[in-house]
Amino acid sequence: MKIAFVFGLCGLSVFFRSSDPISLSLTRSVTVDSLGACQGISMVNGKAYLYGDREVGMIRQYDLRDSSLTYTGQEIKLTQNGQDVINHPTGIAHIGTGPTFIGNSIRLNTEGTAWRAVIYAVDWNKLLRTRTLDNTLLNTIEDDACIQGTRPEYVQYQGKWYVATADYGHKTNQVRLYDPEKLRTAKKTSEPGVVVHQFSCSPWVQNLHWIPQKNVLVLIQNQLEGRRWRFTFLDLNKSLKSGTEHVLRVVDTDKPDELEGFALTGDLRHGIAVTSSRTNNVHFMNVTW
């Protein structure tokens, strides 16, 4: 694996909105290869899992040491019987208990006006062993409650875990909370009882990240369709109560590429953002509260 380091990031402009003291600063960027266009990052049991859309949808596992990523050699191909199934992975919802879900957002036309969104329930531990979806795929769920795409992430609300997702489009966007047990056995998310809560949100949401210590949901967004970085920090309880996003802080940067994912790396002070660029696609960040 080739990793190229980029220093001298003092020229990065960061713009803040709202009065909450949350801030982000980018410390360095690296190139992580063999991902195709990286679509997101999830931290599971101290390991970083980066997922992308190479020749097939895939997930790679990394050790995080001294603010660097080291590939462990563990690669999962999201195929079944050799066929590409989750070709464009857009979220991993995993908390160690209950089902694990992986999202797939499939563009059906070149204009990007027609999409198919699918959520897959998988046996995570078996997936790590077999490294494919063979005998690990538990259920396929059409996310027909969505407006554009799907990006599952576990969140906690009023003492219960839900699977949250959000839309990417430019209007009538929502964050929706799904009952994970009903979702695991559903054929489509519009079935009764699957969608439990929802609220409206701003556009171009690429991914979600839940910070339980702060009761904060981060919308990982683009400022424009497919361009420029935006992080929107929401108070989840107030958003659900009001029916619309309750914004604590919006952090915009002048980075021009397509922000795809973000995750804290084990504490509240450090995170990693990923983009779909072929180079300089992984970015280490400091967070202050």
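Every chain is numbered independently, its residues counted from 1 as its sequence is written. A pLDDT threshold of at least 70 governs which residues receive local features in this predicted model, and a stricter bar of 80 or more applies before side-chain atom pairs are shown or counted, although totals over entire chains, interfaces and linings include all residues. For the side-chain quantities, the full set of heavy atoms in the structure was used; hydrogens and water were omitted.

1. Observations concerning the packing of aromatic side chains
In step 1: Pairing of aromatic rings covers Phe, Tyr and Trp, the last through its six-membered ring, and needs centres within 6.5 Å; plane angles under 30 degrees mean stacked, over 60 mean edge-to-face, and all others mean tilted. Here the structure, examined in full by the defined rule, presents eight aromatic pairs.
In step 2: Between Tyr 62 and Tyr 71 the ring centres are 5.6 Å apart and the planes differ by 50 degrees, which places this aromatic pair in the tilted class.
In step 3: Buried means the residue's accessible area, taken with a 1.4 Å probe over protein chains only, is under 20% of the maximum for its type, while exposed means over 50%, and partly exposed covers the values in between. Relative accessible area serves as the criterion here: at 0%, Tyr 62 is assigned to the buried category.
In step 4: On the accessibility criterion, Tyr 71 (22% relative accessible area) is partly exposed.
In step 5: Taken together, the ring pairs connect Phe 101, Tyr 154 and Trp 161 into an aromatic cluster.

2. With respect to the sheet that holds strand S5 (residues 47-53)
In step 1: Within the open sheet, the four strands sit side by side as S4-S5-S6-S7. Their pairing is antiparallel. The open sheet has two edge strands, strand S4 (38-44) and strand S7 (68-77), and neither has a second partner. Between one strand axis and the next, the sheet turns through 25 degrees on average, direction left out of account.
In step 2: Here strand S6 (residues 57-65) runs beside S7; their pairing, made up of seven bridges, is antiparallel. Its bridge partner being in S7, Tyr 62 is matched across the sheet by Tyr 71. What makes two strands pair is DSSP finding at least two bridges between them. Helical segments are the DSSP runs of H or I of at least four residues, strand segments are the runs of E of at least two, and each set is numbered from the N terminus. With axes taken as lines fitted to C-alpha atoms, and helix axes fitted only over the stretch in contact, angles between N-to-C directions fall between 0 and 180 degrees.

3. Brief notes about the environment of Ala 273
In step 1: Along the chain, the position of Ala 273 falls in strand S23 (residues 270-275).
In step 2: Judged by relative accessible area, which is 0%, Ala 273 ranks as buried.
In step 3: Each C-alpha atom of the pair Ala 273 and Glu 260 lies 7.6 Å from the other, and the pair is 13 residues apart in sequence.
In step 4: Discounting chain neighbours no more than four positions away, the residues touching Ala 273 are Trp 229, Phe 231, Leu 259, Gly 261, Phe 262, Asn 281, Val 282, His 283 and Met 285. Should any heavy atoms of two residues lie within 4.5 Å, those residues are considered in contact.

4. Points about the side chain of Thr 100
In step 1: By the element assignment, Thr 100 lies in strand S11 (residues 100-107).
In step 2: For Thr 100, a relative accessible area of 3% corresponds to the buried category.
In step 3: A polar atom in the side chain of Thr 100 sits 2.7 Å from the side chain of His 94.
In step 4: Every residue in contact with Thr 100, bar those within four places of it in the chain, is listed here: Ile 92, Ala 93, His 94, Tyr 120, Ala 121, Val 122 and Trp 124. Think of a polar contact as two N or O atoms within 3.5 Å of one another; within protein, one of them needs to be a possible hydrogen donor and the other a possible acceptor, and neighboring residues in sequence only count if both atoms come from side chains.

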